Amino acid sequence: MYAQVVDEADIQFAHRVDRKALAAITREMSQVNNGRALWAMASQWLVIVAAFAFVLFVDRWWAWPLAAVLIATRQHALLALMHEAAHYHFLSNRKVSDVVSDLLCAFPLNMTTAGYRHEHMLHHRYVNTARDPYLAGQLVDASWHFPRTPMRATAVFLADALGLYAPNHLKVVLPWTYWGRLVGRAQPRISAGEHLRYWLYVATLVTVLVTTGAWLHWLLLWVLPTTTVMMAFFRMRALGEHPIEETTSGDETRETRDVLGTALENFFIAPLNVNLHLTHHAFPSVPFYNLPAMHAQLEQAGLLEDGVNQFDTYLGKENSLIQYLTREPESSAAAATASQQPSLGQPLHS
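Since the model is a prediction, treat every value here as computed from it, not as a measurement.

1. Overview of the nonpolar core
Okay, so step 1: If you look at the biggest cluster of nonpolar residues, it comprises 59 residues, and the most contacted ones within it are L81 and F90.
Okay, so step 2: Mapped onto this core, the elements with two or more residues apiece are α4 (34-58), α5 (63-86), α6 (94-106), α8 (133-139), α9 (150-161), α13 (215-227), α14 (229-239) and α18 (321-325).
Okay, so step 3: Ranked by residues supplied to this core, first place goes to α5 with 13 residues.
Okay, so step 4: Grouped together as the second largest cluster of nonpolar side chains are 13 residues, L22, M29, A282 and M294 included.

Now the structure itself:
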């Protein structure tokens, strides 16, 4: 069961925090609330439908990019809900949870819940090590390598927004897709239930598009944002979760982060409390709506340190992620410092 994976993944956390002291509140906060989960999903779709309606009602060119950006933020939120289902705490009934997650979160974004779950569990088990599939993919993709200058960092996010890195991102998510699992034989094998509901989804989508003739709206307002604007938001959020460093300490509590974020930042970059990533790794059984309470427990335990595993904002001027991402690389700073110091045996001059 997943609880065993958690135990193996959190060895370093156990060294820093007394789990027994937090056991009672962890059990309480791990209770699944179906109503809150379903409302979270319904509210994302309400915003998406409203954005499509806005384009149809206004009927002006400028309405399209505005709606596309708004839809991209809610697509990101749907990914967060698929992540909840991957951890088996979206809905209390796991089978129903997977069906709902597939039909209303994963399939619309060309993913599958089970495919995503397989790699995500490996990420939790081997986080920030050579066997972490996320880290392995980022190490061979130079666009994930930070720190870099503000101009070069901006260029990466702009390239995401323009879809220039779409092939890189598609390569990563391919094992999570229906066709990637079917043709590429990515694990796990597709079940009969997944086959059935996937083709039910495709039939429904095609029927709606043929009936309404909304092919262009679907392509420009749904498909295009998933490979452009949403990926820029996703990259910023992912860069805040785990650092990619030349050397690692092996301490998950120092190589996973919480970014508090402003309300506006979290709407665009980190919906549904996904900004509390260290808290999630520490308490992976806790649903997203209870993560703030567990984050408070980490604060009380003295585990969180500004600039190390906690940032106040993504884009602010003080203790922000963007400051960290655009800092001078340590190797460069060390070289600059060394160049200003006399070599061994060299006399000091006044």
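2. Quick notes on the environment of A77
Okay, so step 1: By secondary structure assignment, the location of A77 is in helix α5.
Okay, so step 2: Remark: the alpha-carbon pair of A77 and V274, spanning 197 residues in sequence, is separated by 9.1 Å.
Okay, so step 3: If sequence neighbours within four positions are ignored, A77 has contacts with Q44, P271 and L272.

3. Examining the packing of α5 against α6
Okay, so step 1: Running from N to C, α5 and α6 point in directions that differ by 165°, and their axes come no closer than 9 Å. One finds that α5 runs roughly antiparallel with respect to α6. By crossing handedness, the relation of α5 to α6 is classed as left-handed. Seen from α5, the contacting residues are L78, L81, M82 and A85; seen from α6, they are S97, D98, S101, L104, C105 and A106.

4. A closer look at the packing of aromatic side chains
Okay, so step 1: Applying the stated rule across the entire model yields 17 aromatic pairs.
Okay, so step 2: Between the aromatic rings of F267 and F268, the centroid separation amounts to 5.3 Å while the plane-to-plane angle is 80°, which identifies the pairing as edge-to-face.
Okay, so step 3: Exposure remark for F268: the relative accessible area of 27% places this residue in the partly exposed category.
Okay, so step 4: Here the aromatic rings of F311 and Y324 are separated by 5.4 Å at their centres, their planes lie at 50°, and the arrangement is tilted. Here F311, found in strand β2 (residues 310-311), pairs with Y324, found in helix α18; they are 13 residues apart in sequence, far enough to count as distant.
Okay, so step 5: A relative accessible area of 18% means that Y324 is categorised as buried.
Okay, so step 6: Ring pairs connect the aromatic residues F107, Y178, W179, Y198, W199 and Y201, which therefore count as one cluster.

5. Quick word on α9
Okay, so step 1: With 12 residues, α9 should cover 16 Å at 1.5 Å per step; its first-to-last C-alpha distance of 17 Å lies within 8% of that length.
Okay, so step 2: Those residues of α9 not exposed but buried are A153, V156, F157, A159 and D160. Each buried residue of α9 sits inside an arc of 155° when the element is viewed along its axis, so together they form one side. Away from its buried face, by an angle of more than 90 degrees, α9 presents the exposed residues P150, M151, T154 and L158.
Okay, so step 3: Looking at the packing, one finds that the buried side of α9 touches α10 (166-173), α13 and α14.

6. Some remarks on the packing of α5 against α14
Okay, so step 1: It is the contact of α5 with α14, at a shortest axis distance of 8 Å, that shows an interaxial angle of 50°. In this view, α5 runs oblique relative to α14, as classed from their interaxial angle. Our pair here, α5 against α14, has a crossing hand that is right-handed. Residue-level contacts link V69, A72, T73, Q75, H76 and L79 of α5 to V229, M230, F233, F234 and R237 of α14.
Okay, so step 2: Here the residues of the contact of α5 with α14 are counted per class, giving seven nonpolar, three polar and one charged.

7. Here's the deal with the side chain of T113
Okay, so step 1: With respect to the helices and strands, the residue T113 is situated in helix α7 (residues 113-125).
Okay, so step 2: Taking the relative accessible area as the measure of exposure, T113 reaches 0% and is therefore buried.
Okay, so step 3: At 2.8 Å, the side chain of T113 and the side chain of S101 are in polar contact.
Okay, so step 4: Setting aside chain neighbours within four positions, we find T113 in contact with M82, A85, A86, D98, S101, D102 and A106.

Analysis parameters
- Sequence positions are assigned chain by chain, starting from 1 and proceeding in written order.
- pLDDT decides what is reported in this predicted model: residues at 70 or higher carry local features, side-chain atom pairs at 80 or more are listed and counted, and totals for whole chains, interfaces and linings draw on all residues regardless.
- Side-chain measures were taken over the full set of non-hydrogen atoms in the model, leaving aside hydrogen atoms and water.
- Joining through side-chain atoms within 4.5 Å is the link that ties buried Ala, Val, Leu, Ile, Met, Phe, Trp, Tyr and Cys residues into a set, and such a set is a nonpolar core.
- Only protein chains enter the accessibility calculation, which uses a 1.4 Å probe; a residue is then buried when its area is under 20% of its type maximum, exposed when over 50%, and partly exposed in between.
- Helix and strand assignments follow DSSP, with helices taken as H or I runs no shorter than four residues and strands as E runs no shorter than two, numbered in order from the N terminus.
- The criterion used for residue contact is that any of the two residues' heavy atoms lie within 4.5 Å.
- As a rule, the C-alpha atoms of each element are fitted with a line to give its axis, helices using only the stretch in contact, and angles between N-to-C directions run from 0 to 180 degrees.
- Any angle that is under 35 degrees is reported as roughly parallel, and any over 145 degrees as roughly antiparallel; angles of 65 to 115 degrees are reported as roughly perpendicular and all others as oblique.
- Helix crossings fall into two classes, left-handed where the near helix is turned counterclockwise from the far one by less than a right angle and right-handed where it is turned clockwise.
- Each Phe, Tyr or Trp ring (for Trp, its six-membered ring) is paired with any other whose centre lies within 6.5 Å, and the angle between the two planes then decides the class: stacked below 30 degrees, edge-to-face above 60, tilted in between.
- Each helix should span, by expectation, one fewer than its residue count multiplied by 1.5 Å.
- To obtain the arc, one takes the directions from the helix axis to the C-beta atoms.
- Any residue that is not Ala, Val, Leu, Ile, Met, Phe, Trp, Tyr, Cys, Pro, Asp, Glu, Lys or Arg is counted as polar, Gly included; the first ten are nonpolar and the last four charged.
- What qualifies as a polar contact is a pair of N or O atoms within 3.5 Å, subject to a donor-acceptor requirement within protein and to the restriction that residues adjacent in sequence count only when both atoms come from side chains.

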